[in-house]
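For reference, the chains in residue letters:
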Amino acid sequence: MFGWLEIVAYVAAAVVAVHGIVATVRGRAPDKTHRWAVGAFEAVLVVQALIAAGRVFFGGVTLPEQTTFLIYLLVSVCVMPIALQFATAEPTRWGGTVIAVGAVGTAVAVWRLHGLWVAGV
């Protein structure tokens, strides 16, 4: 979709997922470092979403499955805050796994966004 920004999103997703799994293996509940990691990952996703939405709505890019693309774009931005909320609402050792699953799911959404973008451009 946007080259380097997409790669940064994949790397951030991997870092957040590994950080969550490490916390689970160590038997620790999510802490402040998880919030910071999810926040940084979310910032990358928001920048990517703003650029993509700007190009779709104002840049003249027409996609064959534009509605599907916009739904995946919304999902990619919403998953991590929801996962973080679930993980920290009841702090147990499994909160890290919730964050990791959210990061992997978000990476899949970004991958799907790439596929939809390439099909239209």
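Cut-off values and rules
Residues numbered from 1 in each chain as written. Predicted model: local features only at pLDDT ≥ 70, side-chain atom pairs only at ≥ 80, totals over all residues. Heavy atoms only, no water. Axes fitted to C-alpha atoms, helices over the stretch in contact; angles between N-to-C directions. Helix = DSSP H or I, 4+ residues; strand = E, 2+ residues; numbered from the N terminus. Parallel < 35°, antiparallel > 145°, perpendicular 65-115°, else oblique. Left-handed = near helix turned anticlockwise from the far one by under 90°. Contact = heavy atoms within 4.5 Å. Nonpolar A, V, L, I, M, F, W, Y, C, P; charged D, E, K, R; others polar. Expected span 1.5 Å × (residues − 1). Buried < 20%, exposed > 50% of the residue type's maximum accessible area, 1.4 Å probe, protein only. Arc of directions from axis to C-beta.

### Details of the packing of helix α1 (residues 4-25) against helix α4 (residues 95-120)
At a minimum axis distance of 7 Å, the contact between α1 and α4 shows a crossing angle of 160°. Between α1 and α4, the angle falls in the class roughly antiparallel. Seen from above, α1 lies across α4 with left-handed handedness. Taking contact as the criterion, the partners of E6, A9, Y10, A13, V16, A17, G20, I21 and T24 in α1 are, on α4, G96, T97, I99, A100, A103, V104, A107, V110, W111 and H114. Partitioned by chemical class, the residues of the contact of α1 with α4 number 13 nonpolar, 5 polar and 1 charged.

### What to know about α1
In this model α1 runs 31 Å from its N-terminal to its C-terminal C-alpha over 22 residues, within 8% of the 32 Å that 1.5 Å per residue would give. Along α1, the residues that are buried comprise L5, E6, A9, A12, A13, V16, A17, G20, A23 and T24. Viewed along the axis of α1, the buried residues span an arc of 130°, placing them on a single side of the element. Counted as exposed and oriented over 90 degrees from the buried face of α1: W4, I7, V15, V18 and V25. The elements touched by buried residues of α1 are α2 (32-57), α3 (66-89) and α4. Directly beyond the C-terminal end of α1, a positive phi value near 75° is found at G27.

### A short note on the packing of α3 against α4
One way to put it is that α3 packs onto α4 with a least axis distance of 9 Å and a crossing angle of 170°. With respect to each other, α3 and α4 are oriented roughly antiparallel. Residues T68, F69, Y72, L73, S76, V79, M80, A83, L84, F86 and A87 of α3 lie in contact with α4, whose contacting residues are G95, V98, I99, G102, A103, T106, A109, R112, L113, L116 and W117. Partitioning the contact of α3 with α4 into residue classes produces 16 nonpolar, 5 polar and 1 charged.

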